[in-house]
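# Architecture at a glance
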Amino acid sequence: MTFKAPDSLAEQIAHHLAERIIRGDLKPGERIQEQKVTLALNVSRGSVREALLILERRHLIAILPRRGAHVTELTAHKVQSLCTLMGELYILLGNSVAEGWKVQADMAPFLQIQQRLMTSFEREDVRAFVEESFSVMRAAYPFANNPYLQETVENLQPAMNRAYYLALDQRKAEMSEYLALFEQLLAAVLARDLPQIRQVLSAYCERSSTLVIAALAGA
């Protein structure tokens with residue numbers, strides 16, 4: 001594999017490794033050796049080292065003295081803690097959209113995402129479904145106009161993505177539940193119903209936590 005765009009090389013490497021962690025190709029506890037990654041991807045060791053720091057910031061690996069980089073473990077406590085926090089961040093974003101949209105056209109990106117989610121569901125394409133699910137929050141960023149909120153969500157998103165992928169990969173039928181929740185969320189946002197937004201997103205994250213913990217138990 002050859003990477004381009006030297007100015008974003010570390011991010012590209014981090015994305016490549018993150019995808020492998022999220023898909024489960026790199027297992028919890030598995031060591032990631034700088035030299036092997038350097039040779040496999042034909043990149044500099046410095047870029048790999050920077051990529052590993054990015055992955056550590058995104059909670060996908062831990063870098064320990066004299067032990068190097070290892071893929072983080074997924075535990076029930078970590079999953080529950082992550083889903084609880086992400087739920088509050090999603091609610092902030094949802095409220096921002098509800099309070100900020102002015103004309104129906106402002107909601108067009110979310111309706112387009114909903115259609116792509118439907119297509120992914122019909123094809124049973126888990127990877128595309130997960131990616132589109134997280135497109136929702138990025139569509140909400142302009143309404144929030146909060147760089148600190150955006151940075152926090154972006155750094156936590158890969159860990160959530162990893163957990164979400166695990167649950168859906170093992171239980172594809174559950175995608176229909178997420179679609180129903182997203183439809184309820186859109187209705188609440190259009191109605192500017194903040195209590196309903198909280199209820200829907202809390203249910204979404206609670207359900208995500210339950211599915212992931214069940215998937216972990218069955219792994």
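Above this text is the structure in question.
The following refers to the structure shown. Small disclaimer: the values here were computed from a predicted structure and weren't measured.

Another aspect to go through is the overall build of the protein chain. A tally of regular secondary structure across the protein chain gives 9 helices and 3 strands. Element order for the protein chain, N to C, with α for helix and β for strand: α-β-α-α-β-β-α-α-α-α-α-α. Against the compact-globule benchmark of 17 Å for 219 residues, the protein chain has a radius of gyration of 18 Å, which places it among compact chains. If you line up the protein chain on its principal axes, its C-alpha atoms span 55 × 40 × 35 Å. When the 219 residues of the protein chain are sorted by exposure, 46% land in the buried category. For the protein chain, the proportion of contacts with a sequence separation of at least 24, taken over those separated by at least 6, is 72%. A total of about 11600 Å² of accessible surface is found on the protein chain, and carbon and sulfur atoms cover 53% of it. Distance between charge centres in the protein chain, computed from 24 positive and 25 negative side chains, equals 8 Å.

Moving on to the sheet that holds strand β2 (residues 61-64). Spatially, 3 strands are ordered β1-β3-β2 in an open sheet, and the strand pairing comes out antiparallel. Of all the strands in the sheet, the pair left with one neighbour each is β1 (31-32) and β2. On top of the sheet, helix α3 (residues 45-57) reaches β1, β2 and β3 (68-71); it is set at about 115 degrees to β2, its chief contact.

Another point: the side chain of E34. Mapped onto the fold, E34 is located in helix α2 (residues 34-41). Note on E34: relative accessible area 19%, which makes it buried. Every residue in contact with E34, bar those within four places of it in the chain, is listed here: R45, V48, R49 and L52.

Before going further, it helps to spend a moment on α3. The end-to-end C-alpha distance of α3 is 19 Å, a good match for the 18 Å that 13 residues give at a rise of 1.5 Å each. Taken together, the buried positions of α3 are occupied by S47, V48, A51, L52, I54 and L55. In an axial view of α3, the angular spread of the buried residues amounts to 155 degrees, which keeps them on one side of the axis. In the core, the buried residues of α3 are packed alongside α1 (9-23), β1, α2, β2 and β3. Looking one or two places after α3, you find H59, whose phi comes out positive at around 65 degrees.

Relative to the helices and strands, N95 is located in helix α4 (residues 76-100). When its relative accessible area of 17% is taken as the criterion, N95 is described as buried.

Reading the values: the criteria
Residues numbered from 1 in each chain as written. Predicted model: local features only at pLDDT ≥ 70, side-chain atom pairs only at ≥ 80, totals over all residues. Heavy atoms only, no water. Helix = DSSP H or I, 4+ residues; strand = E, 2+ residues; numbered from the N terminus. Rg over C-alpha atoms; globule rule 2.2 N^0.38 Å. Buried < 20%, exposed > 50% of the residue type's maximum accessible area, 1.4 Å probe, protein only. Contact = heavy atoms within 4.5 Å. Areas by Shrake-Rupley, 256 points an atom, 1.4 Å probe, with all protein chains shown as cover. Lys, Arg positive; Asp, Glu negative; His and termini not counted. Charge placed at Lys NZ, Arg CZ, Asp CG, Glu CD. Pairing = 2+ DSSP bridges. Axes fitted to C-alpha atoms, helices over the stretch in contact; angles between N-to-C directions. Expected span 1.5 Å × (residues − 1). Arc of directions from axis to C-beta.

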